[in-house]
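# Structural overview
Each chain, written out:
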Amino acid sequence: MNLKFTIFSFLFGLIFINCQPQIKEINIGGVELAKMVYPKYRKWMSPDNGDLARFKSPSLQWPSRNSKNYQLRLSTDKDFTEDLISIEDIPFSFINIHKPLKNGLWYWQYRSTNGNWSETASFKVDNNSIDFVPPSFGTLVNSIPKSHPRVMVKKEKWDEVSLKSTSYKESKKIIEQADKIISRRIPSERDAQIQFEGRDAFETEKIKKNFSQKVGSEFGKSLNILTKAYVLTKNDKYYTSAIKWMREAITWDPRGLTRINDFGDAMIMQSLAISIDVFWDRLSEKDKLDILNQIIARGEGFYDHWTGNYSLANRNSSMHVWQHILHNLFLTSVALIDEVPEASKWLEYIYELWLAQHPKMAENDGAWFNGTGYMRMNVMTLLDIPYKLGEFTGVNFFVVPWYQNFMRWLTYSYPPGATSDGFCNDGKKWPIPNLEYAAFSDAFARITGDQMALKYSRSVLAVLKEIDEPIIDLGYTGGAIEKADLSDDLEYAWFRITDGYEMPLPTIDNEKELPDAEIFPDVGVAYMNSNRKDIKNNLRISIKSSPMGPLAHTHAEHNTFNIAFKGKRLFYNSGYRPWMGAPHTQAWYKHTQGHNGILVDQKGQLYDAGAYGFLPRFIGGESLSYAVGDASHAYQAHELSLKARKDNTPNDMEVDVFKRHYILLKPNIFVVYDELESKSPVDWSWLIHNYDGLKLNSENKTVETTYKDRGGKVTLFGSTDLDYAVTDKFLVEPKNFIGKKDSYGNLLTYKNHWHFKATTKDKQQKMRFLAIIRVSDNLNYHPIFLNSEDKFEINGWTIEANLDISTPAYVNIINDDLGLNFQSNISDEDDVSKLIEIVNGEKIIKTVSDSYPASIISASKRINE
């Protein structure tokens, strides 16, 4: 069955409210949805097909042809005569125009030098394009100070920073750390040699990277601290010690053991560059030359890799680069600009790539597609690069809508004092936001003036200050949360010392209160709360179905959900990540079977760019919140070959329809209704997980948690008979063969989690599931009554869900006491939902029809390419 774009007219009541302002609703003539939205490698030109340019001075990108030299032309007519702009000698497969274009439709082509012109692409510029014209690269270079130092501190501000820093706690902690480093043994290159091997070549390679990273990280952090201590005090003992570390590093082979791990390699490179910037006037010419040669070799390695066959600009999932390494080379380039020719080349690439692609995917709604755990890995890069670019040029580089919406998403996905939404790698590493979240949101508030960022930071700190003893989450041994003050953070401390503490803070007196439910369609996440302002009693539902597919640190988790109650996890995705690519990681933690989702013939969603989902419908009501997830494409592969996947999974698992309806009935009931259809009969399995225990009652079709302080009970019905099972075993056990340790240096161990599975007794082509999930703080649950009309009565709510696969799917809900009436599908319109409820004596009617994120609309225009 082909999914179609169809737009129906909105229904009107006494009061009409648009429930999805974030998603543009359009009718594009019944175009079939794209096979993939974000391919691993760029497959098409962008912008194209009349897409709106993000900026009035647009960025243009195209698939790499392994050429180092391109030509481009754009015009307001297809013959390239009117308003013609021609650009030659383009070194990359992207370009920023660096001049405003007039409103209207523009056409463009590219070609390799002396090659044939590409097909013609088109985009429009109008008043919805952001009025942002980035300075040229030459302007940027001319704005960077010529004197040293210029990165860690500017020469003209050095004395001021040194003087004011004496009153900051962070300065004292930096100096204390530096004093310890002086007496510490300097690591040698030999320390990066592995001391044990894994069970196979893959594990051994991972162990090599770990040893390499450990040396690079220790070196980079230590040299950085010594240099900071010197800037603060100008005490020669820190200079003398720093020179010893630098002279040790110049004896290392920049293509040897310390190059194996990119993170460690980049730390060595950056720390040397920033230190030579600070000590420039004190170093001998020989020391300068030796240090510069070490930096250049490492920097050239990154640049050659990114611009070569690897083609960073054409990849959608190079997350290590965007987390830290791009930032590392950016700082290195700024430190060495005008000193070595390579620095200008590096900086030009980073600057132009940043303008064209940041933030990497989903640049509008503020959500981070790699989740709350890996978002913290990117914030320093996302803040510091545009901050420094603005500091140099005087231009505001924070104009991308993502920056205006980021803290809104974080407030929903990881509230202060509560667990995170759990999605993606490390999505459940800490039980509540730790000090790092308070520190980067504080920096975010100071740099951008974001009110929500300041409120978030203060709220996190308030929770941390009340902790009597470390909070340890036994469901994941990632580390404990301890009492802390902002000054305890050293990740963003240097920013606070040099600039942050002098910046005015935004006011939060007039901050707008957020609703209980919200959707972020670009990334494909939504959140429902019974009362988000009351964390200790709140029921929170987190939902995911994403256009990004299972890229990078994301999981095969489309149309899955996590349930938190009282700020703690109740029913959550399960498993661990001993390391990236570990057997348990691939076969459980990232796999659909580790999530609260659906298996097809005991198989999960595919690790392929074509396996994606989205959230087409959303309503946030006073007493009821509703969302629809569509993961009909999540069991299909269109990019990787069968051989490349190595799992013998077919390209198409024959799933035609997987729509999941999520309904929160405040304050303590959650309903999940699934529509499933395949090309041929299959086994359908419904999954839910818990960390500490599950009690199964097959006769009553229920499974219940075993917590004492909170409880959750699932009652599951199906359109056919089901087999119910509970186990506390993983299909593939997590093993710590590489010796991974927690934040205290203890060897990590992995406890079992609990897993519920309900599987059809016989294969079915069509299937419906209805789950009614009740939560309780005293383990007493409202009873469910099933009447003769297949309606379920529970505490004043009437739930009617059609489990007859021979008739159209729907779920209707009524609560007469609240004057509430909800319909998932209005009569013959199966993609229009309607909610009627009485709010403060006034009748409110909300309707919503299926609509699509801009990324899916854009990709679907290229359906035949």
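See above for the structure.
First things first, this report covers the structure right here in the doc. (Residues numbered from 1 in each chain as written. Predicted model: local features only at pLDDT ≥ 70, side-chain atom pairs only at ≥ 80, totals over all residues. Heavy atoms only, no water.)

### A word on the overall build of the chain
In terms of regular secondary structure, the chain is built from 17 helices and 33 strands. Computed over C-alpha atoms, the radius of gyration of the chain comes to 28 Å, within 12% of the 29 Å expected from 2.2 N^0.38 for 865 residues, which places it in the range of a compact globule. Over its C-alpha atoms, taken along the principal directions, the chain stretches across nearly 90 × 70 × 60 Å. Taking the contacts inside the chain whose residues are at least 6 apart along the sequence as the reference set, 71% of them involve residues at least 24 apart. Carbon together with sulfur atoms contributes 48% to the accessible area of the chain, which is approximately 33,100 Å² in total. Mean positive and mean negative side-chain charge positions of the chain (102 and 110 charges, respectively) differ by 4 Å. (Helix = DSSP H or I, 4+ residues; strand = E, 2+ residues; numbered from the N terminus. Rg over C-alpha atoms; globule rule 2.2 N^0.38 Å. Contact = heavy atoms within 4.5 Å. Areas by Shrake-Rupley, 256 points an atom, 1.4 Å probe, with all protein chains shown as cover. Lys, Arg positive; Asp, Glu negative; His and termini not counted. Charge placed at Lys NZ, Arg CZ, Asp CG, Glu CD.)

### Points about the side chain of Asn825
The topology assignment puts Asn825 in the loop between strand S31 (820–823) and strand S32 (832–839). Reaching out from Asn825, the side chain makes a polar contact with the backbone oxygen of Ala809 at a distance of 2.8 Å. A distance of 3.1 Å separates polar atoms of two side chains, one belonging to Asn825 and the other to Ser824. (Polar contact = N/O pair within 3.5 Å; in protein donor to acceptor, adjacent residues only side chain to side chain.)

### A look at the packing of helix H12 (residues 435–448) against helix H13 (residues 451–465)
For the pair H12 and H13, interaxial distance at closest approach is 8 Å and the crossing angle is 155°. Considering their axes alone, H12 and H13 lie roughly antiparallel with respect to each other. Relative to H13, the crossing made by H12 is left-handed. Judged by residue contacts, Leu435, Tyr437, Ala438, Ser441, Asp442, Phe444 and Ala445 of H12 engage Ala453, Leu454, Tyr456, Ser457, Val460, Leu461 and Leu464 from H13. (Axes fitted to C-alpha atoms, helices over the stretch in contact; angles between N-to-C directions. Parallel < 35°, antiparallel > 145°, perpendicular 65-115°, else oblique. Left-handed = near helix turned anticlockwise from the far one by under 90°.)

### Some details on the sheet that holds strand S13 (residues 560–565)
Within a sheet, adjacent strands bond to each other through the backbone by hydrogen bonds, running parallel or antiparallel. The five strands are arranged S10-S11-S12-S13-S14 in an open sheet whose pairing can be described as antiparallel. One side of each edge strand has no neighbouring strand; the edge strands of this open sheet are strand S10 (517–520) and strand S14 (568–571). Ignoring which end each strand starts from, the neighbouring axes of this sheet average 20° apart. Pairing between strand S11 (residues 525–529) and strand S12 (residues 539–544): five bridges, direction antiparallel. Bridging from a neighbouring strand, Val525 pairs with Lys544 of S12. (Pairing = 2+ DSSP bridges.)

### Some points on the packing of aromatic side chains
Under the counting rule described, the total for this entry stands at 51 aromatic pairs. Each ring, one from Phe196 and one from Phe211, has its centre 5.9 Å from the other, and the planes form 70°; the classification is edge-to-face. Of the two residues, Phe196 is situated in the loop between helix H3 (169–182) and helix H4 (201–233) and Phe211 in helix H4; the sequence distance between them amounts to 15 residues. Given the relative accessible area of 33%, Phe196 is considered partly exposed. Both rings, one in Tyr576 and one in Tyr750, keep their centres 4.7 Å apart while their planes meet at 45°; by these two values the pair is tilted. Of this pair, Tyr576 sits in the loop between S14 and helix H15 (583–589) while Tyr750 is found in the loop between strand S24 (722–727) and strand S25 (754–760), placing the two residues 174 residues apart along the sequence. In textbook terms, an aromatic cluster arises when at least three aromatic residues are bridged by ring pairs, as seen for Trp368, Phe369, Phe398, Trp402, Tyr403, Phe406, Trp409, Tyr414, Trp430, Tyr437, Phe440 and Phe444. Across the ring face of Tyr572, the terminal group of Arg569 is positioned such that the distance to the ring centre comes to 5.9 Å. (Phe/Tyr/Trp six-rings, centres within 6.5 Å; stacked < 30°, edge-to-face > 60°. Buried < 20%, exposed > 50% of the residue type's maximum accessible area, 1.4 Å probe, protein only. Lys NZ or Arg CZ within 6 Å of the ring centre and 35° of its normal.)

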